[in-house]
Amino acid sequence: CNNPQCLFDGHDCEKTLQPCNPIYDAYCQKHYANGHCDYGCNNAECNWDGLDCERGHAELAEGILATVLLMDMQSFLNKKVTFLREIGQQLRSTVRIQMDESGRERVYPWKMSNKDLGSSGVIVYLEIDNRRCTNSMGKSECFPTASEAADFLAATAATHSLSTSFPIYQVHGVLDGSDVEIDSPSRSKYILTGVILTVLVSLLLGVLVQAQKKRAHGITWFPE
C-alpha cells in the first residue's frame, strides 16, 4: 500500500515525523520562507525552512491544491505560515501559496453557493514543491499530483488525524491554476462531511452494541 495511489498507507511505513524543536520553533516560524537560509530550521521537522536553503529548481507536483477554510481573511493571513507548515508536515513536502499573474498570493474570500447555508471563509491555492521530499525520501515517497495529495488530506481528516487548528472545509486537486467550483459535490473532497459521517457511524454502532447487550433472552415454551 506504500504508493501514491494508496496514499502511502497513511505514512505507516515511515518514521513518525516529530514536531519542530520547541526551542527553535518560534524563530523558525518567524523566518519561514523569507529568502534567507537558517540552517537550524533546515530539517524535516521544521519543514526545511520553507526551502530557503535550496538553490535548485522547483519540483512541483502536477496541479494545484484548492483549499477552503472556514475562517475570515485576516485570521488566515495572521496564521498562514503555521498553516503552510502543518500541511507540509502532513504531506512530507513543502507547500506554498500560488501567485497570480500580478505576483499576489491567491487567497480569496469564499462563500458557499447555496446562500441558505451561510458558510463563508477563504479559498487558498497551494503549490506542492517536492524538492526536499525527493532528496530526503526518494521520489517514490512524494505525491506527484495535487489530486493525490488532496485525497490523502481528506482521508487523514476522516480518521481524525488531521490537525484541527485550521477549520478545513474542503480540499480539491485541480490540474491548472484556474478557479474551480469548490463546493460542487461531484468534484470536491468533503473533509468536514467525511468527519461528521464518521462520528455518526461510530455513535450508531455504539448504540447498537449497547442495545444488543441489554436485550433479554426469553425461553420458548412448547405445549406438550
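So, how was this worked out
- Residues numbered from 1 in each chain as written.
- Predicted model: local features only at pLDDT ≥ 70, side-chain atom pairs only at ≥ 80, totals over all residues.
- Heavy atoms only, no water.
- UniProt positions renumbered as here; feature names shortened; annotations may be inferred.
- Buried < 20%, exposed > 50% of the residue type's maximum accessible area, 1.4 Å probe, protein only.
- Helix = DSSP H or I, 4+ residues; strand = E, 2+ residues; numbered from the N terminus.
- Pairing = 2+ DSSP bridges.
- Axes fitted to C-alpha atoms, helices over the stretch in contact; angles between N-to-C directions.
- Parallel < 35°, antiparallel > 145°, perpendicular 65-115°, else oblique.
- Left-handed = near helix turned anticlockwise from the far one by under 90°.
- Contact = heavy atoms within 4.5 Å.
- Nonpolar A, V, L, I, M, F, W, Y, C, P; charged D, E, K, R; others polar.
- Phe/Tyr/Trp six-rings, centres within 6.5 Å; stacked < 30°, edge-to-face > 60°.
- Lys NZ or Arg CZ within 6 Å of the ring centre and 35° of its normal.
- Bend = angle between axes of the 7 residues up to and from the residue.
- Polar contact = N/O pair within 3.5 Å; in protein donor to acceptor, adjacent residues only side chain to side chain.
- Core = buried A, V, L, I, M, F, W, Y, C linked by side-chain atoms within 4.5 Å.
- Disulfide = S-S within 2.5 Å.

Going by an unreviewed UniProt entry, the protein chain carries the name LNR domain-containing protein and comes from Homalodisca liturata. Annotation of the protein chain in UniProt includes, under Subcellular location (unreviewed entry), the sentence "Endomembrane system".

**A look at the pairing of strand 1 (residues 64-69)**
Counting buried residues in strand 1 gives six out of six residues, a clear majority hidden from the surface. Of the two faces of strand 1, both are covered, the one formed by I64, A66 and V68 as well as the one formed by L65, T67 and L69. The pairing of strand 1 with strand 4 (residues 120-129) spans five bridges and is antiparallel. Pairing of A66 across the sheet is with Y125, part of strand 4.

**Focus on the packing of helix 1 (residues 22-30) against helix 2 (residues 73-91)**
For the pair helix 1 and helix 2, interaxial distance at closest approach is 10 Å and the crossing angle is 110°. Taken together, the axes of helix 1 and helix 2 lie roughly perpendicular to each other. Crossing hand, helix 1 versus helix 2: right-handed. Between helix 1 and helix 2, the contacting residues are D25, C28 and Q29 on the first element and V81, T82 and R85 on the second. Residues belonging to the contact of helix 1 with helix 2 are distributed by class as follows: two nonpolar, two polar and two charged.

**Focus on the packing of aromatic side chains**
One pass over the full model with this rule turns up five aromatic pairs. Seen from their ring centres, F76 and F83 are 5.5 Å apart, and the 70° between their planes marks the pair as edge-to-face. By relative accessible area, F83 is classed as buried at 1%. Ring geometry for F83 and F166: centres 5.3 Å apart, planes at 65°, overall edge-to-face. In this pair, F83 is assigned in helix 2 and F166 in the loop between helix 4 (146-158) and strand 5 (168-174), connecting sequence segments 83 residues apart. Residue classification places F166 among the buried residues on the basis of a relative accessible area of 6%. Through a chain of ring-to-ring contacts, three or more aromatic side chains come together here, namely F76, F83 and F166. Sitting above the plane of the Y125 ring, R106 keeps its charged end 3.9 Å from the centroid.

**Section: the UniProt feature "domain: LNR" (unreviewed entry) in the protein chain**
Within this numbering scheme, the UniProt entry marks residues 20-59 as carrying the feature "domain: LNR" (unreviewed entry). With 22% helix and 0% strand, residues 20-59 has its two end C-alpha atoms placed 24 Å apart.

**A few points about helix 2**
Of all bends in helix 2, the biggest is about 65°, found at K79. Within the span of helix 2, buried status applies to F76, F83, L84, R85, I87, G88, Q90 and L91. Put simply, D72 is the residue that caps the front of helix 2, since its side-chain oxygen is 3.2 Å from the backbone nitrogen of Q74. R92, located one to two residues past helix 2, shows a positive phi value of around 55°.

**A closer look at the nonpolar core**
Judged by nonpolar contacts, the single largest core of 26 residues is most densely connected at L65, L69, F76, F83, L91 and V124. When contributions to this core are tallied by element, the ones reaching two or more residues are strand 1, helix 2, strand 2 (94-97), strand 4, helix 4 and strand 5. When neighbours within four sequence positions are excluded, L69 is seen to be in contact with F76, F83, G121, V122, V124, F166, P167, I168 and Y169.

**Points about the environment of L84**
Take L84: it is sitting in helix 2. Placed 10 residues apart in sequence, L84 and T94 show a C-alpha to C-alpha distance of 7.8 Å. Ignoring any residue separated from it by four or fewer positions in sequence, one finds L84 in contact with Y32, N47, V95, R96, I97 and L126.

**Observations concerning the state of the cysteines**
A covalent bond bridging the sulfur atoms of two cysteines is what the word disulfide describes. With the rule as written, the count across this model stands at four disulfides. With its sulfur 2.0 Å from that of its partner, C20 forms a disulfide with C46. A torsion of 80° about the S-S bond marks the disulfide between C20 and C46 as right-handed. With a gap of 26 residues between them, C20 in the segment before helix 1 and C46 in the loop between helix 1 and strand 1 connect regions that are remote in the sequence. One exposure class covers both C20 and C46, and it is buried. Linked covalently through their sulfurs, C133 and C142 form a disulfide whose S-S length is 2.1 Å. Here the disulfide of C133 and C142 is left-handed, its torsion about the S-S bond being about -120°. Summarising the burial analysis for this pair, C133 and C142 share the class buried. Taken in sequence order, the bonded cysteines of the protein chain link in the pattern 1-5, 2-4, 3-6, 7-8.

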